[in-house]
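Understanding the architecture of this molecule
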Amino acid sequence: MNIIKAENYKEMSQLAAKYLIKQVNEKPNSVLGLATGSTPEGLYKEIIHHYTEGDVSFKEVATFNLDEYVGLSKDNDQSYYYYMHNLLFDHIDIKDEQANLPNGNTENLQEACKQYESSIQEAGGIDIQILGIGLNGHIGFNEPGTSFASQTHIVELDESTRKANARFFDSIDDVPAQAITMGIDSIMQSRQIILLVSGSQKAEALEKLVNGPITEKFPASILQKHANVTIIADHDAAAKLSV
Ligand code: F6R
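Every chain begins its residue count from 1, and numbering advances along the sequence as written. With the structure being a predicted model, the display of local features is reserved for residues of pLDDT at least 70 and the display and counting of side-chain atom pairs for 80 or more, all residues being used for whole-chain, interface and lining totals. Calculated side-chain values reflect all of the structure's heavy atoms, with hydrogen atoms and water omitted.

1. Some thoughts on helix 3 (residues 80-87)
To keep things clear, this is the line we draw: Burial status follows relative accessibility: with a 1.4 Å probe on protein chains alone, a residue under 20% of its type maximum counts as buried, one over 50% as exposed, and anything between as partly exposed. Each helix is a run of H or I in the DSSP string that is no shorter than four residues. Each strand is a run of E no shorter than two, and both are numbered from the N terminus. By definition in these notes, contact holds between two residues if any of their heavy atoms fall within 4.5 Å.
Looking at helix 3, one finds that the buried residues are Tyr80, Tyr83, Met84 and His85. Each element contacted by the buried residues of helix 3 is listed here: strand 2 (31-34), helix 2 (41-52), strand 3 (62-65), strand 4 (67-69) and helix 5 (159-165).

Right, dumping it as structure tokens:
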């Protein structure tokens, strides 16, 4: 694993943006895997900045987000569809039909999962997947105990994850109980992975990811087995790493 320590959140975001922009400039029809949450917000700001400066175009790019809540409509401001449009897609030249998220607002969730997985394959697979990490080691919404062989599937959200995400909702009762997420195997099939980690509260999780045993009890530990992972951690998140 390639570990890059950034001074702070801004530098972490700038470095991640550089990787993505280089990828898109070298391969204009790149397939990018994207994440939501607090961590990549700065990355998306940097991308918009570079797009506005004319450094990059997303006209031919396809994106696939890691996950989406079940039962929230696209215009619900807590849906990941809304988040992505608000924080990135509406500000760059990506084609709407090329910006994909799992469909969590449908009668047939199983079918939505299958379709999502095949759309990724049809697009040629993911060139670079952006990841964050949860305090319990989740990646996407793959909570502890998820099979390493999992593909896109429906999950019951952990109480700790619902609590952590309650800050975006009026109350914890409004946080959906289920989500659709790419599976661990779907994530591991990406040709390159960039994991962003920021803040002292993530230091322990990052240390476990890097040095801990590879176990389904801590999903992110599987990344030790991926051939091309870059971790960009800010100063506080890297505090427990000895490298
Ligand atoms: C989001 C996602 C999650 C987050 C993780 C960290 O699409 O897949 O795994 O990356 O929960 O969230 P933040 O960045 O809010 O700490």
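2. Here we look at the sheet that holds strand 4
Note the following rule: Two strands make a pair as long as DSSP finds a minimum of two bridges between them. As a rule, the C-alpha atoms of each element are fitted with a line to give its axis, helices using only the stretch in contact, and angles between N-to-C directions run from 0 to 180 degrees.
Ordered by their spatial adjacency, 3 strands build an open sheet running 4-8-7, and the pairing between neighbours is antiparallel. The strands lining the two open edges of the sheet, one partner per strand, are strand 4 and strand 7 (153-156). With strand direction ignored, the average angle separating the axes of adjacent strands in the sheet is 25°. Here strand 7 pairs with strand 8 (residues 178-181) via 4 bridges, running antiparallel. Note on strand 8: the bridge partner recorded for valine 155 is alanine 179. In this fold helix 4 (residues 109-122) packs onto strand 7 and strand 8, with an angle of close to 125° to the strand it touches most, strand 7.

3. Quick word on the layout of surface pockets
The criterion, for reference: A 1.4 Å probe that fits but cannot get out identifies a cavity on a 1 Å grid over protein atoms alone, an open set with protein on both sides within 12 Å along at least five of seven lines counts as a pocket, and a residue lines either if it has an atom within 4 Å of a point. Grid points are joined across faces, edges and corners, and a volume is the space filled by probe spheres set on the points. By the convention adopted, Pro, Cys, Tyr, Trp, Phe, Met, Ile, Leu, Val and Ala count as nonpolar, Lys, Arg, Asp and Glu as charged, and the other residues, Gly among them, as polar.
Here the largest pocket is characterised by a volume of approximately 770 Å³. Thr36, Gly37, Ser38, Asn165 and Arg167 are, among the 39 residues lining the largest pocket, the residues nearest its centre. Those elements that place two or more of their residues in the lining of the largest pocket are strand 4, helix 3 and helix 5. The greatest single-element share of the lining of the largest pocket, amounting to 5 residues, is contributed by helix 3. Grouping the amino acids of the lining of the largest pocket by side-chain chemistry returns 16 nonpolar, 18 polar and 5 charged. In terms of lining residues, the second largest pocket is bounded by 16 residues, among which Lys74, Tyr81, Leu101, Pro102 and Asn103 are the most central. At the level of elements, helix 3 and strand 5 (99-100) are the ones that each hand at least two residues to the lining of the second largest pocket. Each residue belonging to the lining of the second largest pocket can be placed in one class, and the counts come to 5 nonpolar, 7 polar and 4 charged.

4. Some remarks on the side chain of lysine 202
In this structure, lysine 202 sits in the loop between strand 9 (192-197) and helix 7 (203-211). Contacts of lysine 202, omitting those with residues within four sequence positions, involve Thr39, Ile133, Leu135 and Val197.

5. Focus on empty space enclosed by the protein
Under the counting rule described, the total for this entry stands at 1 cavity of 30 Å³ or more. In this structure, the largest cavity encloses a volume near 40 Å³. Counted by class, the lining of the largest cavity contains 9 nonpolar, 1 polar and no charged residues.

6. Thoughts on the packing of aromatic side chains
Stated precisely, the cut-off is as follows: Between the rings of Phe, Tyr and Trp (Trp by its six-membered ring), a pair exists once the centres lie within 6.5 Å; its type follows the angle of the planes, with under 30 degrees stacked, over 60 edge-to-face, and the other angles tilted.
Overall, the coordinates contain 7 aromatic pairs when judged by the stated rule. Members of the aromatic cluster, joined through ring pairs, are Tyr44, Tyr69, Tyr80, Tyr83, Phe141 and Phe169.

7. Focus on the sheet that holds strand 5
As a general point, the strands of a sheet are linked pairwise by backbone hydrogen bonds and lie either parallel or antiparallel. Taken together, 7 strands build an open sheet; the order of strands is 1-10-9-6-2-3-5 and the sheet is parallel. Lying at the two open borders of the sheet, with one neighbouring strand each, are strand 1 (2-6) and strand 5. Relative to strand 10 (residues 229-234), strand 9 runs parallel, the two being bridged by 5 bridges. Note that in strand 10 the partner of isoleucine 194 across the bridge is threonine 230. Relative to the sheet, helix 7 contacts strand 1, strand 9 and strand 10, its axis offset from that of strand 10 by approximately 155°.

8. A short note on the site of the ligand
Under the convention used in this document: We call a residue near a given molecule or strand whenever any one of its heavy atoms falls within 4 Å of it. A 3.5 Å cut-off defines polar contacts: any pair of N or O atoms within that distance qualifies, except that in protein one atom must be a possible hydrogen donor and the other a possible acceptor, and neighbouring residues in sequence count only when both atoms are side-chain atoms.
Around the ligand there are 13 residues in total, and Thr39, Asp67, His138, Gly140 and Lys202 lie nearest to it. Contacts to the ligand include histidine 138, whose side-chain N or O atom sits 2.7 Å from an oxygen atom. The class makeup of the residues in the shell around the ligand is 3 nonpolar, 7 polar and 3 charged.

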